[in-house]
Amino acid sequence: MSKVNCLITSVTFLFLWNCESAQKTDAPTDQIPELEPIILKTLNHDTLAFIQGLLYYKDKLFESTGRYNKSTLRCINAKNGNIEKLVPVENVFAEGLVIKNNIFIQLTWRSGLAFLYSYPDLKRIDTLQYKGEGWGLTSDGDSFIMSNGSDTLYWRDDHFKILKKTAVTLNKLPLSKLNELEYARNKIYANVWYSDFIFEIEPESGKVLRMINCRSLLSHLQSVETDEVLNGIAYNDSSDTFFLTGKNWPLIFEVQIPH
């Protein structure tokens, strides 16, 4: 989505302040473990893809890309990164993506619309409506879990009616700018806009359990622009590996995240 550069400083300050607080506290329950992903391999990634959502399904990667008049839904070869199918999404700014019951659901930023597509042909078959902004989307198998850039996760039913809300906290402080989401290992993994970390969240309490430092991925990139941030988390449960990338990045990384 359209990112405002002046927010970088405030977001970074809040994150660093939270981390410093975690390191200084004497209570073990407030010490948030930090770890790094182990890179297994890299795939090519379209540098024109302003990624908003990523998922792994039946040996393929599916990607939602944003920006007005440039939004798409894509099927990607998970072995080499080649684009196998691309569907333009016109007149909106596309956002998060999930699949449930063999139906893809793609959010939009400020249009209040979620588009439904059939698998595997990616044909649009229906539209749902919701209020507010749409950022990230995942599912625990029963409910949809949605972010809107705040510190709150929204649990929704199949008609997108809100079932409950969960506030996310890091060291007992709100963790805002929640973006791309992935439900894996019975946890929620979340990108935070302009952060190089992925946050592992306990679904019921909203408490951050661990932080995955992804700065090592940046060393494999020649250069990135200010808004080309870490964004995109997909999980392959058969290999227990994650696919990570960023907006307009040239690479998708397949990684292990230690348990």
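What this report covers is the structure whose coordinates are included nearby.

Definitions and limits used
Residues numbered from 1 in each chain as written. Predicted model: local features only at pLDDT ≥ 70, side-chain atom pairs only at ≥ 80, totals over all residues. Heavy atoms only, no water. Helix = DSSP H or I, 4+ residues; strand = E, 2+ residues; numbered from the N terminus. Contact = heavy atoms within 4.5 Å. Areas by Shrake-Rupley, 256 points an atom, 1.4 Å probe, with all protein chains shown as cover. Phe/Tyr/Trp six-rings, centres within 6.5 Å; stacked < 30°, edge-to-face > 60°. Buried < 20%, exposed > 50% of the residue type's maximum accessible area, 1.4 Å probe, protein only. Lys NZ or Arg CZ within 6 Å of the ring centre and 35° of its normal. Salt bridge = Lys/Arg side-chain N within 4 Å of Asp/Glu carboxyl O.

Some remarks on the overall build of the protein
Part 1 of the reasoning: Per the secondary structure count, the protein includes two helices and 23 strands.
Part 2 of the reasoning: In the protein, once contacts between residues fewer than 6 apart in sequence are set aside, the share between residues at least 24 apart is 52%.
Part 3 of the reasoning: A total accessible area of about 11600 Å² is found for the protein, and carbon and sulfur atoms account for 49% of it.

Examining the packing of aromatic side chains
Part 1 of the reasoning: Overall, the coordinates contain 15 aromatic pairs when judged by the stated rule.
Part 2 of the reasoning: Judged by centre distance (6.4 Å) and plane angle (35°), the ring pair of F197 and F199 falls under tilted. For the pair F197 and F199, one class covers both residues: buried.
Part 3 of the reasoning: Here the aromatic residues Y57, F62, F104 and Y119 are joined through ring pairs into a cluster of three or more.
Part 4 of the reasoning: One Lys or Arg, R67, reaches over the ring of F50 and ends 3.9 Å from the middle of that ring.
Part 5 of the reasoning: Above the plane of the ring of F115 lies R124, whose end atom (NZ or CZ) is 3.8 Å from the centre.

Topic: the pattern of salt bridges
Part 1 of the reasoning: Using the criterion set out here, one finds 10 salt bridges in the structure.
Part 2 of the reasoning: In this structure, K100 and D158 form a salt bridge, with 2.7 Å as the shortest nitrogen-oxygen distance. One end of the pair, K100, is in strand β7 (residues 94–100); the other, D158, is in the loop between β13 (152–156) and β14 (162–167), and 58 residues separate them in sequence.
Part 3 of the reasoning: For K100, a relative accessible area of 10% puts it in the buried group.
Part 4 of the reasoning: We classify D158 as partly exposed; its relative accessible area is 41%.

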